[in-house]
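Below are the chains, spelled out letter by letter.
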Amino acid sequence: MKTMLFIRHFCSSTTSNLSKKPSRYKKVVLVQAQQAITDYLHSTRSIPYAHADQIAKNSLLTLTNLISKLGSFTPSSFPKTLDKFLRYNPINEYELFFESIGIHHAQLPALLPNDKFFFSEDGSFLDAACALYEFGFPWDKLGLLYMESSSVFKRSGSELKGRLCGLKMQGFTNVQVVGICLAFPFVFCEQEGGEFGGRIDGLLNDLKLVFLDFDLAGSVEGNAGTWYEVCRKIKMFYDLSKGNEGEIGELIGRNKGVIVEHGEEVLLQKAEYFCRFGIKKEEVARLILQGSELLKLDLETPVINVLKLLKHFGMSSKDIEDVKGNYAHVLGTSKMAYLPNVMRALGLHEWFFNKIKDGNHHLLVSYVTSYPNESHDKAYQSGLKTIKVSRTPTHNMSKLNFLHAMGFGENALTLKIFTNLHGPSCELQKRFDCYLRSGVEFSKLCKQIRIQPKILSQNPENIENKINFLCQEMGYSVELLDSFPAFLCFNLENRIKPRYRFYMWVMEKGLLTKNYSIATMIATSNKDFVGRIFKIHPAAPKHWFEQFYPRKLLG
C-alpha cells in the first residue's frame, strides 16, 4: 500500500522521465532508492543497519523529493545516478528521521533543527528511537510519542531501557508496555516527587487491575498496535473523568467488554452524544461503561415523539400538562440525534440523564425498540413541502434543521418561528452560542426565540454589547430577557442607552412618582414616549431633545 502511494505521488511530483516508464520500473526505482539510502545511512553515517532500513522504508515523501532532484535517468542508470548525488549532496537526516517515525510531512519544517543536518551533531534523537524500537515500539509510530512528549527523545537509550524495564516489572508484557507508553507518554516522567508521580502510580495500579486481575489480557490478542488501540480507548474514559487515575480501574475492569468489543470511533461518538446533555463528563463515562447496550443503539436516525418519550420515562400526568402548556415549540416529533438538545430545551436534561444512568439505560433501549419510528404532524409535513419547492430550498432547509438541532420539534409552531429567522444556519448557530456564553440558559433561550424570533437576527457583537449594558450599567440580570426578549431587538445607541440614561436623570431630579418597567421605558413609540415624559414634567421633553435624543435622528 505504501509503495502504491509513493508511486502515485512520485508520478505527479517529479519532473524526471520516470513518469513515462511502466509501473514495474517505478517499483524497481523505489526499491533501489530505499536500499541506497539504507546503505548510505549505514555505511557512510554509521547508523545500525536495522535502524537505517526503517528510516529509508518509512520516508517515502522525502525520497520522492530527493529523486526529483536527480534530473533525467533511465532505470538501469538510476543506482549510479543516485549514488553519485549522495556523494556530493548530503541529505538532511532529520527530515528522513522525522517522516520515518510517522510525523506528517507538512509538520516537518517546524521540527527540523535550524543549525543541524546530521545525527552525529546530536545523537540523542536517534539513540532514543533505537532504544524504543529495540524494546518493541513500531518505528513508524514513534512520531506519536514525539509529538506528545518530545522530551522523551532527549533521554539516553540506557535511561529509556531502564524505565521500560521498570514498567515491565509491574507485570506487563512488552507489547502492553508499548501500548501504555504511546497512549500515556507521561509514564516516562520521573515518579518520585515529580508532578506526575501520583498520576503514574494511579494509572499503573488501574491498568494492572484491568489487564491482570480482570484478565483483559486474556481477551486481547495482538501486537503493540493492538494494545495501543486498547489503551487509547481506556484513555478516553480518563479524559472524560478529568484524569482520576487510580479511581476508575475497577469500573473499567468490570465492564471490559466495552473496551474489547467496540472501536474507538464508536466510543467517541456515543460519548460526544451523551455529553451534549450538558452533564458532567465523568457521569457520561460511567454511563457508557455500564450501559454497553447503548453502544449498539442507533442514536441518529430514529424519529421520536417527545410526549410519548416523556411518558415512557415515567413523567407524571401533571408534569406532562405543564410541558404541553409551556413548551409547545419542543413538542411533536424529532430525530433521535437531536434528543440531547430537546431535553435541554425542555430544561429536563438532568432529569432525563438521571433516569438512564446507574444501570437504567434499558429505558432508552426499550423506547427505541417499542417506537422505532413516529409519523410527522400533517401541518408540519405540508409546510415542509412548501419549503422544498421554494426558490432557495437548501438554504431554507438548513435554517429549519438548525432549529430542530437546537431542540425545536417538527411542528407548525417551529415553522412559524422559522419564517422570522434571517441569515444562514452557521450564523444562527454563532448567535445562539453567543447568548449561551452570555449566561442565558438553554431552555430559556429557546422560549425567548419562540416569543421573539428576531433576537437571532442580531450579530454576536451587538448581542454581547446589549447584554453587557443590561447587566453592567442597568444592573439587571439576563433573566429579564425571559419576560422582555424584545429588548435585544432595539438599537443600543439610538434607543436603549439614551432612554435609560434620561430616566436615570429624571429619577435623580426626583421627578418620578412611580417606577416604569424596562419594557415601558424602551418599547414605547417615540410619540408616546414624549407624551409620557411631558406628563412627568412640562420641561422634560425639551431637556430630552437637547441632552439625550440621538443626534443622528435629529439630523
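A. Focus on the overall build of the protein. From N to C terminus, the protein includes 34 helices and 2 strands. Computed over C-alpha atoms, the radius of gyration of the protein comes to 33 Å, more than 25% over the 24 Å expected from 2.2 N^0.38 for 555 residues, which places it beyond the range of a compact globule. In terms of overall dimensions, the protein has C-alpha extents of about 100 × 60 × 60 Å along its principal axes. Looking at the 555 residues of the protein, the share that counts as buried comes to 47%. Of all intrachain contacts in the protein linking residues separated by at least 6 positions in sequence, the fraction that spans at least 24 positions is 69%.

B. Representation of the confidence of the model for the protein in the model. Confidence in the prediction for the protein averages 87 pLDDT; 92% of positions are at 70 or higher. Ranking the elements of the protein by mean pLDDT puts helix α1 (residues 2–13) last, at 39, and helix α20 (residues 339–346) first, at 98. A low-confidence stretch, residues 1–18 stays under pLDDT 50, and its non-local contacts, those more than four residues away or across chains, total 34 contacts.

C. Main features of the side chain of S241. Mapped onto the fold, S241 is located in the loop between α13 (224–240) and α14 (249–254). Polar side-chain contacts of S241 include one of 2.9 Å to the backbone oxygen of F237.

D. Representation of the pattern of salt bridges. As enumerated under the stated definition, the model contains 19 salt bridges in all. Note that R232 is salt-bridged to E264, the shortest N-O span being 2.8 Å. Note that R232 is positioned in helix α13 and E264 in helix α16 (residues 264–275), a separation of 32 residues in sequence. On the accessibility criterion, R232 (34% relative accessible area) is partly exposed. Classification of E264 as partly exposed rests on a relative accessible area of 24%. Salt-bridge contacts for E441 lead to K444; the nearest nitrogen and oxygen are separated by 3.9 Å. Here the salt bridges do not stand alone but share partners, grouping E441, K444, E479 and D482 into one network.

E. Expanded view of the state of the cysteines. For the coordinates displayed, the defined rule picks out 0 disulfides. Free of any disulfide, C189 has its nearest neighbouring cysteine sulfur in C181, separated by 11 Å. A relative accessible area of 25% means that C189 is categorised as partly exposed. Of all cysteine sulfurs, the one in C471 lies closest to C434, which takes part in no disulfide; the gap is 12 Å.

F. The side chain of K497, seen in detail. Checked against the element boundaries, K497 lands in helix α30 (residues 492–508). Look at K497 and you get buried, because its relative accessible area is 17%. Discounting chain neighbours no more than four positions away, the residues touching K497 are F469 and L492.

G. The arrangement of α30 in detail. Its 17 residues place the ends of α30 22 Å apart at the C-alpha level, agreeing with the 24 Å of an ideal helix rising 1.5 Å per residue. Regarding α30, the residues found buried are L492, R495, I496, K497, P498, R499, Y500, F502, Y503 and V506. One side-chain oxygen at the N-terminal end of α30 lies 3.0 Å from the backbone nitrogen of E493; it belongs to N491.

H. Spatial organisation of unusual backbone geometry. Phi at S46 is positive, roughly 60°, even though this residue is not glycine. Of note, D215 is a non-glycine position whose phi angle comes to about 55°, a positive value. With respect to the helices, strands and loops of the structure, D215 is situated in the loop between α12 (197–213) and α13. On the accessibility criterion, D215 (40% relative accessible area) is partly exposed.

I. Looking closely at the environment of E508. Here E508 is to be found in helix α30. Taking relative accessible area as the criterion, E508 reaches 65% and is therefore assigned exposed. A C-alpha to C-alpha distance of 66 Å links E508 and T369, two positions 139 residues apart in sequence.

J. Here's a closer look at the environment of F237. Among the secondary structure elements, F237 is positioned in helix α13. Owing to a relative accessible area of 0%, F237 belongs among the buried residues under this scheme. In this structure the C-alpha to C-alpha distance between F237 and R286, which are 49 residues apart in sequence, comes to 8.5 Å. Once residues within four sequence positions are removed from consideration, F237 is found in contact with I248, I252, V258, I259, L267, A285, I288 and L289.

K. Seen up close, the nonpolar core. If you look at the biggest cluster of nonpolar residues, it comprises 177 residues, and the most contacted ones within it are F137, F153, F237, F274 and L364. Of the residues forming this core, the biggest block, 10 residues, is contributed by α13. Sequence-distant contacts of F153, defined by excluding residues within four places in its chain, comprise F97, S124, F125, A128, A129, L132, L142, L145 and Y146.

L. Seen up close, the environment of D358. Residue position: D358 is located in the loop between α21 (349–356) and α22 (362–370). On the basis of relative accessibility, which here comes to 52%, the residue D358 falls in the exposed class. Along the backbone, D358 and E283 are 75 residues apart, and their C-alpha atoms lie at a distance of 9.4 Å. For D358, the residues in contact, after removing those within four places along its chain, are R286 and Q290.

M. The packing of aromatic side chains, seen in detail. The final tally for this structure, using the stated rule, is 35 aromatic pairs. A ring pair is formed by W544 and Y549, whose centres lie 5.7 Å apart and whose planes are at 70°; its orientation type is edge-to-face. The class of Y549 is buried, set by a relative accessible area of 15%. Taken together, F502, Y503, W505, Y516, F529, W544, F545, F548 and Y549 form an aromatic cluster joined through their ring pairs. Sitting above the plane of the Y327 ring, K447 keeps its charged end 4.9 Å from the centroid. When the ring centre of F529 is taken as reference, the NZ or CZ atom of R499 above it lies at 4.3 Å.

Rules behind the numbers
- Residues numbered from 1 in each chain as written.
- Predicted model: local features only at pLDDT ≥ 70, side-chain atom pairs only at ≥ 80, totals over all residues.
- Heavy atoms only, no water.
- Helix = DSSP H or I, 4+ residues; strand = E, 2+ residues; numbered from the N terminus.
- Rg over C-alpha atoms; globule rule 2.2 N^0.38 Å.
- Buried < 20%, exposed > 50% of the residue type's maximum accessible area, 1.4 Å probe, protein only.
- Contact = heavy atoms within 4.5 Å.
- pLDDT = per-residue confidence, 0-100.
- Polar contact = N/O pair within 3.5 Å; in protein donor to acceptor, adjacent residues only side chain to side chain.
- Salt bridge = Lys/Arg side-chain N within 4 Å of Asp/Glu carboxyl O.
- Disulfide = S-S within 2.5 Å.
- Expected span 1.5 Å × (residues − 1).
- Core = buried A, V, L, I, M, F, W, Y, C linked by side-chain atoms within 4.5 Å.
- Phe/Tyr/Trp six-rings, centres within 6.5 Å; stacked < 30°, edge-to-face > 60°.
- Lys NZ or Arg CZ within 6 Å of the ring centre and 35° of its normal.

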